[in-house]
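Structural overview for review
So the chains spell out like this:
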Number of protein chains: 2
Amino acid sequence: MISEKMKELVAGSSIIRAMFEEGKILTEKFGEKNVYDFSLGNPNVTPPDEIISIINDILVKEHPNLVHGYMNNSGFVSTRKALATSMNQKFHVELNADNFVMTVGAAGGLNVVLKSILNPDDEVIVIAPFFSEYKHYVSNFGAKLVVTPAKTPDFLPDLEALANAITEKTKAIIINTPNNPTGVIYNEEVLQNLTQLLSAKQQELNTTIYLISDEPYREIVYDNTAVPCMLNFYDNTFIVYSYSKSLSLAGERIGYICVNSTMDGFSEMMQALNVANRVLGFVNAPSLFQKVIEKCVDIEVDVSLYKLNRDTLYQHLTSLGFECTYPEGAFYLFPKALIDDDKAFCAAAKQFNLLLVPGSAFGYPGYFRISYCVSHDTVVNSFDAFTKLAQLYS
Amino acid sequence: MISEKMKELVAGSSIIRAMFEEGKILTEKFGEKNVYDFSLGNPNVTPPDEIISIINDILVKEHPNLVHGYMNNSGFVSTRKALATSMNQKFHVELNADNFVMTVGAAGGLNVVLKSILNPDDEVIVIAPFFSEYKHYVSNFGAKLVVTPAKTPDFLPDLEALANAITEKTKAIIINTPNNPTGVIYNEEVLQNLTQLLSAKQQELNTTIYLISDEPYREIVYDNTAVPCMLNFYDNTFIVYSYSKSLSLAGERIGYICVNSTMDGFSEMMQALNVANRVLGFVNAPSLFQKVIEKCVDIEVDVSLYKLNRDTLYQHLTSLGFECTYPEGAFYLFPKALIDDDKAFCAAAKQFNLLLVPGSAFGYPGYFRISYCVSHDTVVNSFDAFTKLAQLYS
């Protein structure tokens, strides 16, 4: 009875569900402490303490019909103003409220952007390994996903492969830095080269190629690594942001889209995003949390636990002989599997109660993802299991 | 640069925006008290007082990573259990957590249902006058909206017209009771006749025809009028609910989909809804407000202000000679315009600072909508303006 498209999606999700159920069975059998679940990207660092008092303050001081009622589909002007002020200071850009649309997280924001720009049969380029939901988001609008591989071992864009992938049908490229699943950050030079290529291709093909920068991990960085602001590199950029990770508010579905005033057809585009937010059924980003964000623009979670986990795990894995790019951000490691078949490798890991995600799930076989947004105890207690896994293939 | 589909949508939304801007200009010119804006459906009754203490309680007592983190894409089991218990008592049905998917309001819920069932070129029937967003939601999935008119003057379904509209391509019919824009409620007999027709057509055509019951106004009823529960009439029913009106939480985007266990292919359908919620970019309904709903399942706003507005306005308008069905629910009146051209009529109303929406916006020319979720002062102060409007055509 369900639609043809959904049949495939349900079948695909059944595999993930099966993995999840297997994990639950392992946990029941061996106890939570003895199962090392590195499969999920659910932030475990607590949201900043201020959130509670900020919410209390809003509920006491503001009129409930304004806090909980409809507003412009793009979101509260006061929230968007606060965001503009914060980003102007942080990134030396010139934004105001009109450059923003508040969204139901980055997932909502990406769908709003894609709805606004895609015609059926358009092409959207992603760089593998990539967050697999992009595939579904692009498919929602009848467009085609074009996958180009990143370079190894640094997982930076392969500009030659990218240049070859760009055609007259290319409407957008999605980048994700800090990256899920590799943790890699594109520095200024990388972005300069990438956007120079896009500009040249726009001119050569006489088309518009949008750069969609999916940035939920922008604030999850270590060792003071800078994440350059895409708006400073390329006019036709959509920044899609989420507070899921930077404030550990993943369930609240709050984020935004930010667009340069210099984008071609800026005003019409902002109106399209506003309308797309409405007709896709989001209507507006959740209202109370828009007001929370307004007071939190410069607050972030404490990433020291993630950093500790990264350092400890990276050291142990490389000491065991795993090849792994040193991640500068996000909360993932993406090591090379010890055999070519990453699915078989992750299946084998289960005998040591290690739950890992095969690189195939990110369009990049031969590798696997470790999500280290877990307690430090889980990390330390998993060492033996990783050692045994490595010995299996030595 | 924006997509072809969006170009039309942006053009359409510009008309609404122009109306809104005109209203703002009138307000600036004559003062808020002297402009009678009956154009918007934003609840003006305050949310129940308990909401604040419930939120405080959740924030203090529950772990922040659980309150604000990801959960199953269908929503918290505890919330869905509370809903099931409440509906079982209220409607004598047999539901549990598995019968529910929590959604980003009813707009989100409708899109999740339509994504789950529609193939391109399927047909979805609506009964005019209807909430115009249905058109866009159906179009999101490449399906075709088929409009059948309601009977006048009672605005109940015209079963003959409906029977003629149903074809092999009919995948669903959307009903909305209490109705926007008429305020009409379908009683048991109406629903029995309607669902008997659907059952007969299912058998005749050997197809599945879903009944999608959009119920954001279910609790906005007067004079103890009962809104029968659709689950008791037809197995292939989706109830799509929102707390936008019943708790005045329109901006928070919280609602649910509820499905009978007796629906054909129930388990696969619930999985499809779960996956659709994810891939459309909603991911899950906002988490804090899921927890709020869990504690609020049997709380509703005080509808006495809406009732007072309805009674006062209905009496005044009918005394002026307006033909209008007596609305038993929602917060709208849908009188017949005094000339055939409803757009010209609403344009003329503006000279008296009356902001009304033409019936054409609901697929039903010749009428106009009054949204009376405004202060009682606005209602009383508008009497003169309505009198002058009537005199214009007498």
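Only a predicted model underlies this, so the values are computations on that prediction, with no experimental measurement involved.

**Observations concerning unusual backbone geometry**
A cis geometry characterises the amide bond from Ala128 of chain B onward to Pro129 of chain B, with omega recorded as 0°. The amide bond that connects Thr177 of chain B to the next residue, Pro178 of chain B, takes the cis arrangement and shows omega of -5°. Tracing the backbone shows Pro178 of chain B in the loop between strand S5 (170-175) and helix H8 (188-205). Even without being a glycine, Asn224 of chain A presents a positive backbone phi close to 55°. Residue position: Asn224 of chain A is located in the loop between strand S6 (210-214) and strand S7 (237-242). Residue class for Asn224 of chain A comes out exposed when judged on its relative accessible area of 81%.

**Description of the confidence of the model for chain A**
With 100% of its residues at a pLDDT of 70 or more, chain A shows a mean pLDDT of 96. Under the prediction, the complex receives an ipTM of 0.97, its pTM being 0.97.

**Describing the interface of chain B and chain A**
A common way to report how large an interface is uses the accessible area buried once the components associate. At the junction of the two partners, chain B supplies 74 residues and chain A supplies 75 residues. Contact between chain B and chain A buries roughly 5,900 Å² in total, counting both sides, with carbon and sulfur atoms accounting for 55%. Sorting the residues of chain B by area buried against chain A places Met1, His68 and Tyr70 of chain B first, and these three jointly supply 12% of that buried surface. Of the charged contacts, one joins Glu133 of chain B and Arg278 of chain A as a salt bridge, the two residues approaching to 2.9 Å between their closest N and O atoms. Breaking the side of chain B that touches chain A down by element, the ones donating at least two residues are helix H1 (4-30), helix H2 (50-61), helix H3 (64-68), helix H5 (105-117), helix H6 (133-139), helix H9 (243-246), helix H10 (266-279) and helix H11 (287-296) of chain B. Tallying contributions element by element places H1 of chain B first for the side of chain B that touches chain A, with nine residues.

**A short note on the relation of the copies chain B and chain A**
Once turned by 180° and shifted 0.0 Å along the axis, chain B lies on chain A with an RMSD of 0.0 Å. Taken together, the rotation angle and the small translation identify this as a two-fold axis. A shared binding surface is used by both copies, with 100% of the interface residues of chain B retained as interface residues in chain A.

**Points about the pairing of strand S12 (residues 368-371) of chain A**
Residues and elements named next belong to chain A. Here S12 shows two buried faces, one formed by Phe368 and Ile370 and the other by Arg369 and Ser371. Where strand S9 (residues 332-333) lies against S12, two bridges are found, and the strand directions are antiparallel. Its bridge partner lying in S12, Tyr332 is registered against Ser371. Bridging between strand S11 (residues 357-358) and S12 involves two bridges; their strand directions are antiparallel. The residue of S12 that forms the bridge with Val357 is Arg369.

**Some points on the pattern of salt bridges**
Residues and elements named next belong to chain A. Applying the stated criterion across every chain yields a total of 34 salt bridges over all chains. A salt bridge links Lys90 to Glu300; the nearest nitrogen and oxygen atoms lie 3.6 Å apart. Placement of the pair is Lys90 in helix H4 (residues 77-91) and Glu300 in the loop between helix H11 (287-296) and helix H12 (304-319), with a sequence separation of 210 residues. Residue classification places Glu300 among the partly exposed residues on the basis of a relative accessible area of 40%. For the salt bridge of Glu204 with Lys201, the shortest nitrogen-to-oxygen distance reads 3.6 Å. Within this pair, Glu204 and its partner Lys201 are both found in helix H8 (residues 188-205), separated by three residues, close to a single helical turn.

**Section: the side chain of Asn180 of chain A**
Residues and elements named next belong to chain A. Tracing the backbone shows Asn180 in the loop between strand S5 (170-175) and H8. On the basis of relative accessible area, Asn180 is assigned to the buried category, the value being 3%. In this structure the side chain of Asn180 is engaged in a polar contact, spanning 2.9 Å, whose partner is the side chain of Arg369. Discounting residues that sit within four places of it in the chain, Asn180 has contacts with Pro129, Phe130, Phe131, Tyr217, Tyr332, Phe362 and Arg369.

**Quick notes on the packing of helix H5 (residues 105-117) of chain A against helix H10 (residues 266-279) of chain A**
All names here are of chain A. Taken N-terminus to C-terminus, the directions of H5 and H10 make an angle of 120°; their axes are 8 Å apart at the nearest point. Crossing angle aside, the handedness with which H5 passes H10 is right-handed. Only Met269, Ala272, Leu273, Ala276, Asn277 and Val279 of H10 make contact with H5, whose side of the interface consists of Val112, Val113, Lys115, Ser116 and Ile117. In the contact of H5 with H10, the residues fall into eight nonpolar, two polar and one charged.

**Some words on the sheet that holds S7 of chain A**
Residues and elements named next belong to chain A. Taken in spatial order, the seven strands line up as S2-S8-S7-S6-S5-S3-S4 in an open sheet, and their pairing is mixed. The open sheet terminates on both sides in strands that have one partner only, identified here as strand S2 (100-103) and strand S4 (144-149). Taken over all neighbouring pairs, the strand axes of this sheet differ in orientation by 20° on average, direction set aside. Summarising the sheet, S7 and strand S8 (residues 255-259) pair through five bridges and their orientation is antiparallel. Within the sheet, the bridge partner assigned to Phe238 lies in S8 and is Val259.

**Quick look at the packing of aromatic side chains**
Residue and element names in this part refer to chain A. Going through the model one piece at a time under the given rule, you end up with 49 aromatic pairs over all chains. Arranged with centres 6.3 Å apart and planes meeting at 55°, the rings of Phe334 and Tyr364 form a pair that is tilted. Here the residue Phe334 occupies a position in the loop between S9 and helix H13 (342-349), and Tyr364 occupies one in the loop between S11 and S12, the gap between them amounting to 30 residues. On the basis of relative accessible area, Phe334 is assigned to the buried category, the value being 2%.

**Regarding the nonpolar core**
Counting residues in each nonpolar core, the largest one holds 208 residues, and the members touching the most others are Phe238 of chain A together with Phe238 of chain B. Discounting chain neighbours no more than four positions away, the residues touching Phe238 of chain A are Val113, Ile117, Tyr210, Leu211, Ile212, Ser213, Ile257, Cys258, Val259, Met263, Met269 and Leu273 of chain A. Counting 35 residues, the second-largest nonpolar core is a separate cluster that includes Tyr222, Ile370, Val374 and Leu389 of chain A.

**Re H11 of chain B**
Within H11 of chain B, eight of the ten residues are buried, which leaves it mostly tucked inside the rest of the structure. Ser287, Leu288, Phe289, Gln290, Lys291, Val292, Ile293 and Cys296 of chain B are the residues of H11 of chain B that are buried.

About the thresholds
- Residues numbered from 1 in each chain as written.
- Chains lettered and ligands numbered in written order.
- Predicted model: local features only at pLDDT ≥ 70, side-chain atom pairs only at ≥ 80, totals over all residues.
- Heavy atoms only, no water.
- Helix = DSSP H or I, 4+ residues; strand = E, 2+ residues; numbered from the N terminus.
- Buried < 20%, exposed > 50% of the residue type's maximum accessible area, 1.4 Å probe, protein only.
- pLDDT = per-residue confidence, 0-100.
- Contact = heavy atoms within 4.5 Å.
- Buried area = accessible area lost by both parts, 1.4 Å probe.
- Salt bridge = Lys/Arg side-chain N within 4 Å of Asp/Glu carboxyl O.
- Least-squares fit on C-alpha atoms with pLDDT ≥ 70 in both.
- Pairing = 2+ DSSP bridges.
- Polar contact = N/O pair within 3.5 Å; in protein donor to acceptor, adjacent residues only side chain to side chain.
- Axes fitted to C-alpha atoms, helices over the stretch in contact; angles between N-to-C directions.
- Left-handed = near helix turned anticlockwise from the far one by under 90°.
- Nonpolar A, V, L, I, M, F, W, Y, C, P; charged D, E, K, R; others polar.
- Phe/Tyr/Trp six-rings, centres within 6.5 Å; stacked < 30°, edge-to-face > 60°.
- Core = buried A, V, L, I, M, F, W, Y, C linked by side-chain atoms within 4.5 Å.

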